[in-house]
Amino acid sequence: MRELGLTVNVSTVLFGASSAGRRRGRLAAACTGAALVALSGGYALGATMTFKAGCAEGDRITVAAVGDLLFHKKLQVQAYQKKGTFTRFWKPVEPLLKAADIAYGNLESPTAHGVSRRGRDVRDTGRRYGEVYSAELKPLLFNVHPSVIEELVQSGFDVLSTANNHAFDRGSLGVDRTIENLEKSEMPFTGTRRKGEDDRPWSVVTKAKGFAVAWLACTYAVNVLAKGSDQVLSCYRDKDQVIAEITSRVADRAVDAVILVPHWGAEDSHHVIQRQRALARAALEAGAAAVIGSHPHVVQGWEKHETEAGDEGLIVYSTGNFISNQRQLMQRAGIIALVELVKDNTGRARVSAAGYVPTWVVIDGNVNHRVIVNTGKSGWTRGALQKTNQLLPAGNHLTSGTDWPPVLPKECSAGE
Ligand SMILES: [Zn+2]
């Protein structure tokens, strides 16, 4: 069994538990701990992840990526109150979102006006929880009032993913209306397209400080199998398209970096599955600078992968939940991943440093949910923080919270 852990390929730097053992069946289950220790051999738990471009000369930007925005019933009801807002949920971390050169999140819901739970065109109800805007359980079908988009813009979000398992919760019409509302607010998005809009690229380019970053979202599946589910990019079924789009954006001289933001992995599991690892590495080999995933509701490990071309790319397997009403310890503990990109004289941008700000969803009597920086002060938050720091390279934990610019760990060799 010890061997099992040791057979894991450590040619790339891995943090968090391995999936390789799990694929080998029941035997592996008991060996997860051993695999973790084996993986940390040479990369001790608590290690720091640095990049060889850390001190390279060139312009720099820092991207902030949060996890899933899941507006369960209790959150929507708060937002739709007389003076209610969505912004209130993430107010404590808003300075960081605003300061980041590009802030990204996964909008895990349609924002479709006048569409019923069955995906039909109906009279809109306005900001009210009910037939149009809801998050009813069994099956969990989301739809959030489009005013959330404008509030995300105001809070500093620059780009959203719409490719997730809830993308079709209001059917094809819901996808179209969501896009209509995103466009109305000039919020860039990636991963879905209107019915019949087959030529629209799945990715979107955002610009900041002279950098052009292409974002590409995909999802492992959608919950509602509707006609027109080709309106969302599938990570695995359409893997060739995912890679082709990365390749074409990388080849575009007007684009400095490509970031893949897949919606994938096993829910409530810290274990990375093989499909995730294979896609992430393929994306980096195709020239993506980083892969930042979400969906499992919990944080998953990081990986630094050196491509055959000699580039170092970053994989953040899951940033966890950003905001939700999920109650379990690790469902309330997400991260804001901060990724620094440097553009040298070749014109291509690479990851030069990374860090994470652990977050925690405070649930205060069902009326006052909010995302805070987890400083580990109380019992629950301390436990969550410890677990997060075990799963991730703890040396990349940014204790300064929302301070800007973030001090990201770097290791500079002599002469740089
Ligand atoms: Zn999801």
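Note that the coordinates shown come from a computational prediction; the quantities given were computed from them, not determined experimentally.

Turning next to the overall build of the protein chain. On a plain count of helices and strands, the protein chain comes out with 12 helices and 17 strands. Residue pairs at least 24 apart in sequence account for 74% of intrachain contacts in the protein chain once pairs closer than 6 positions are excluded.

Right, let's talk about the pairing of strand S16 (residues 349-362) for a bit. For S16, a buried count of 13 out of 14 residues is recorded, marking the element as mostly surrounded by other parts of the structure. For strand S15 (residues 333-343) and S16, the ladder comprises 11 bridges, and the chain directions are antiparallel. From the neighbouring strand, Gly334 faces S16, where its bridge partner is Thr359. What sits between the antiparallel neighbours S15 and S16 is a turn of five residues, in which Gly347 has the positive phi angle 90 degrees. Note: S16 against strand S17 (residues 370-373), four bridges, orientation antiparallel. Residue Val362 lies in a different strand from S17, and its bridge partner there is Arg370.

Attention now moves to helix H9 (residues 171-184). Its 14 residues give H9 an end-to-end C-alpha distance of 20 Å, which sits within 8% of 20 Å, the value for a rise of 1.5 Å per residue. Buried within H9 are the following residues: Gly171, Gly174, Val175, Asp176, Arg177, Thr178, Ile179, Asn181 and Leu182. In the core, the buried residues of H9 are packed alongside strand S5 (141-143), helix H8 (147-154) and strand S7 (189-190). Just downstream of H9, Glu186 is the residue with a positive phi angle, here 55 degrees.

Take the environment of Gly67 next. Assignment of secondary structure puts Gly67 in strand S2 (residues 59-69). Measuring from C-alpha to C-alpha, the distance between Gly67 and Ile335 comes to 7.1 Å, with 268 residues separating the pair along the chain. Not counting the four nearest positions on each side in its chain, Gly67 is found in contact with Asn106, Ser294, Thr319, Gly320, Asn321, Phe322 and Gly334.

To continue, consider the confidence of the model for the protein chain. Do not read the fine detail of predicted coordinates wherever pLDDT is low. Scored by pLDDT, the protein chain comes out at a mean of 89, with 88% of its residues at no less than 70. Confidence over residues 1-43 falls short of pLDDT 50; this stretch has 68 contacts with residues more than four positions distant or in other chains.

Quick look at the pairing of strand S9 (residues 211-219) now. For S9, a buried count of eight out of nine residues is recorded, marking the element as mostly surrounded by other parts of the structure. Taken together, strand S8 (residues 204-208) and the strand that follows it, S9, pair antiparallel across an intervening segment of two residues, in which Lys209 is found at a positive phi of about 45 degrees. When S9 meets strand S10 (residues 257-263), the two strands line up parallel, connected through seven bridges. Paired with Ala217 across the strands is Val261, a residue of S10.

Calculation criteria
Residues numbered from 1 in each chain as written. Predicted model: local features only at pLDDT ≥ 70, side-chain atom pairs only at ≥ 80, totals over all residues. Helix = DSSP H or I, 4+ residues; strand = E, 2+ residues; numbered from the N terminus. Contact = placed C-beta atoms within 7 Å. Buried ≥ 20, exposed ≤ 12 C-beta atoms within 10 Å, placed from the backbone. Pairing = 2+ DSSP bridges. Expected span 1.5 Å × (residues − 1). pLDDT = per-residue confidence, 0-100.

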